[in-house]
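As a plain string of letters, each chain reads:
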Amino acid sequence: MKALAIVDKFGLENLQWIERDRPEPGPNEVLVRMKAASLNHRDLEVIGGQRKLALPLIPASDAAGVVVAVGRGVESLAVGDRVMPIFVQGWLAGPQPPGDALATLGGPLDGVLVEFGSWPELGLVRVPDGLSDVEAATLPCAGVSAWNALFVCASLRPGDTVLIQGTGGVSLFALQFAKLAGARVIVTSSSDQKLDRARAMGADHGINYRHEPEWGRAARAIAGTGVDCVVEVGGSGSLEQSLIAVKNGGHVSYVGALSGTKPTFDLGELSRKSVQLRGVRVGNRESFETMCRAISLHALKPVIDAVFDFGDAIGALQRLQSGGHFGKICVSFG
Ligand SMILES: NC(=O)c1ccc[n+]([C@@H]2O[C@H](COP(=O)([O-])OP(=O)(O)OC[C@H]3O[C@@H](n4cnc5c(N)ncnc54)[C@H](OP(=O)(O)O)[C@@H]3O)[C@@H](O)[C@H]2O)c1
């Protein structure tokens, strides 16, 4: 089978197409033929060598496929079922498992830019009704992270105001889920055109963070006494604005750090405002299944920016790196 791999040198320019033997499903394992994959910002960090992972490694974590064989003892899945691998293999329910190195796909475990993958039966979740393979492939990391940021790490309620940063994968899922839950949503973006598209999806307010560097104050003013919840993906500099935007006793779900991980804010702000700052590490299988039920019930469709053929997966990664995307960049295996 064909795979795209980081063989011996990090960097997008050093990715190589390789051949691997197709895996055999062991006891309680399921062999999946990949139908589609989607990319996350994390994949660029892994490929760029920012995560210090052992090589060789097949990158990317999010995919959907069809079961083509099952190992001894598999009971809940059968040939022909449509499935998605969970991001943190082995994290089925409850809080994050102990230890620093979680078994996450696309590093340290091999990822999904490969034609077949074999995973434990419980490492897979069924595709929600009504989603195509490409749409389903967007869910395991980006979808579950947004779901957890709003409903598990925070407790979003109808009528709350949520601040969402940028128009990438996690953020647009957060916009869709927050609207589904009856919240008011403020979106920031570097682009007025992207803000228009976010409003067309239901965003109530848009702030261009390039034109409005003090966007935290602007968001706070919109919400009156501050927003109830922030889905933080900016990190350095951005978190400072988020702490201005959030209300006393409000919640910041810290998902990512697109502009760096070094804080620039006065730590006193956290206690002065009794802010609840909570890190998000994607989420467990139980959250994934809960999210899938909501997606089916509300016929929610993930936002797809572009679909590339598997053979042009490097082109897909380049599009992600360009930052021009709105929503998810996907790969189809045909
Ligand atoms: N902790 C976890 O479990 C977890 C899970 C998933 C993702 N993440 C992290 O979350 C972040 C977002 O991931 P993603 O896959 O959604 O990324 P993505 O799809 O590449 O989205 C990036 C978008 O964010 C906006 N952006 C860029 N720099 C920004 C900044 N400094 N401040 C605010 N917005 C900015 C841009 O939108 P505009 O063009 O509209 O400005 C950009 O298109 C990454 O840091 C990723 O590693 C963490």
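What you see as residue numbers is a count from 1 along each chain, following the sequence as written. Residues qualify for local features only when their pLDDT is at least 70, as the model is predicted, and side-chain atom pairs are given and counted only at 80 or more; totals for whole chains, interfaces and linings, by contrast, use all residues. Note that the side-chain values use all heavy atoms of the structure and ignore hydrogens as well as water.

Talk me through the site of the ligand; I want residue IDs and the actual numbers.
Around the ligand there are 27 residues in total, and Thr-167, Ser-189, Tyr-209, Val-280 and Val-282 lie nearest to it. Within the backbone of Val-255, one N or O atom sits 2.8 Å away from a nitrogen atom of the ligand. N or O atoms within 3.5 Å of each other form a polar contact, as long as, within protein, one can give a hydrogen and the other can take it, and as long as residues adjacent in sequence are counted only when both atoms are side-chain atoms. For the ligand, an oxygen atom lies 2.6 Å from a polar atom in the backbone of Val-282. Computed by Shrake-Rupley with a 1.4 Å probe, the accessible areas treat only the displayed protein chains as cover when residues are assessed. Isolated, the ligand exposes 930 Å² of accessible area, and the fraction of that covered by the protein chains is 88%. Counting from the N terminus, the helices are DSSP H or I runs at least four residues long and the strands are E runs at least two residues long. Looking at the shell around the ligand, the elements that each hand over two or more residues are α1 (41-47), α3 (139-152) and α4 (169-180). The class makeup of the residues in the shell around the ligand is 10 nonpolar, 14 polar and 3 charged. Residues are counted as near a molecule or strand when any one of their heavy atoms sits within 4 Å of it. Residue type decides the class: Asp, Glu, Lys and Arg count as charged, Ala, Val, Leu, Ile, Met, Phe, Trp, Tyr, Cys and Pro as nonpolar, and the leftover types, Gly among them, as polar.

Tell me about the sheet that holds strand β13 (residues 276-279), residues and numbers included.
The strands making up a sheet associate through backbone hydrogen bonding, with each pair oriented either parallel or antiparallel. Across the sheet, 6 strands lie side by side as β10-β9-β8-β11-β12-β13; this open sheet has parallel pairing. Unpaired on one side and paired on the other, β10 (205-208) and β13 mark the two borders of the sheet. Here the strands of the sheet are splayed against their neighbours by 20 degrees on average, with no regard to which way each runs. Strand pairing requires that DSSP identify at least two bridges connecting the strands. Where strand β11 (residues 227-232) and strand β12 (residues 246-254) come together, 5 bridges link them in parallel fashion. Paired with Val-230 across the two strands is Val-252, which belongs to β12. For this analysis, residues touch if any pair of their heavy atoms sits within 4.5 Å. All axes here are fitted lines through C-alpha atoms, helices being fitted over the stretch that makes contact, and every angle between N-to-C directions spans 0 to 180 degrees. Each of β8 (161-165), β11, β12 and β13 is contacted by α3, which is oriented at about 155 degrees to β11, the strand it contacts most. On the sheet, helix α7 (residues 238-245) packs against β8, β11, β12 and β13 and is oriented at approximately 145 degrees with respect to β12.

Give a description of the packing of α3 against helix α9 (residues 285-297) that names residues and reports values.
Across the interface, α3 lies against α9 with an axial gap of 9 Å and an inter-helix angle of 90 degrees. Taken together, the axis directions place α3 and α9 in an arrangement best described as roughly perpendicular. On the side of α3, the interface is formed by Leu-139, Pro-140, Gly-143, Val-144, Trp-147, Asn-148 and Val-152, while α9 contributes Ser-287, Phe-288, Thr-290, Met-291, Cys-292, Ala-294 and Ile-295. For the contact of α3 with α9, the per-class residue count stands at 10 nonpolar, 4 polar and no charged. These descriptions rest on fixed angle ranges, namely under 35 degrees for roughly parallel, over 145 for roughly antiparallel, 65 to 115 for roughly perpendicular, and the rest for oblique.

Describe the nonpolar core, and please don't skip the residues or the numbers.
In summary, soluble globular proteins display a tendency toward joint burial of nonpolar side chains. Put simply, a nonpolar core is a bunch of buried Ala, Val, Leu, Ile, Met, Phe, Trp, Tyr and Cys residues held in one set by side-chain atoms that sit within 4.5 Å of each other. Partly exposed describes any residue whose relative accessible area lies between the buried limit of under 20% and the exposed limit of over 50%, with all areas from a 1.4 Å probe on protein chains only and scaled to the type maximum. The biggest cluster of nonpolar side chains holds 55 residues, and the ones touching the most others in it are Met-84, Leu-139, Leu-150, Phe-177, Phe-288 and Met-291. Secondary structure elements with two or more residues in this core: α2 (133-136), α3, β8, α4, β9 (184-189), α5 (192-200), β11 and α9. Among the elements that take part in this core, α3 stands out by supplying 8 residues, more than any other. Split by domain, the residues of this core number at least three in each of domain 1 (2-140 + 303-332) and domain 2 (154-279). With 43 residues, the next largest nonpolar core counts Leu-4, Leu-44, Val-112 and Leu-317 among its residues. Residue ranges for the domains originate in an automatic or database domain assignment.

Outline the domain arrangement of the chain, listing residues and values.
Splitting the chain by domain gives domain 1 (2-140 + 303-332) and domain 2 (154-279). Taken together, the contact pairs 10 residues of domain 1 with 11 residues of domain 2. The quantity reported as buried area is the accessible area (1.4 Å probe) lost by two parts once they are put together, taken as the sum for both. Of the roughly 870 Å² buried between domain 1 and domain 2, counting both surfaces, carbon and sulfur atoms make up 70%. Salt bridges are defined by distance alone: a side-chain nitrogen of Lys or Arg within 4 Å of a carboxyl oxygen of Asp or Glu. Taken together, domain 1 and domain 2 are joined by 0 salt bridges.

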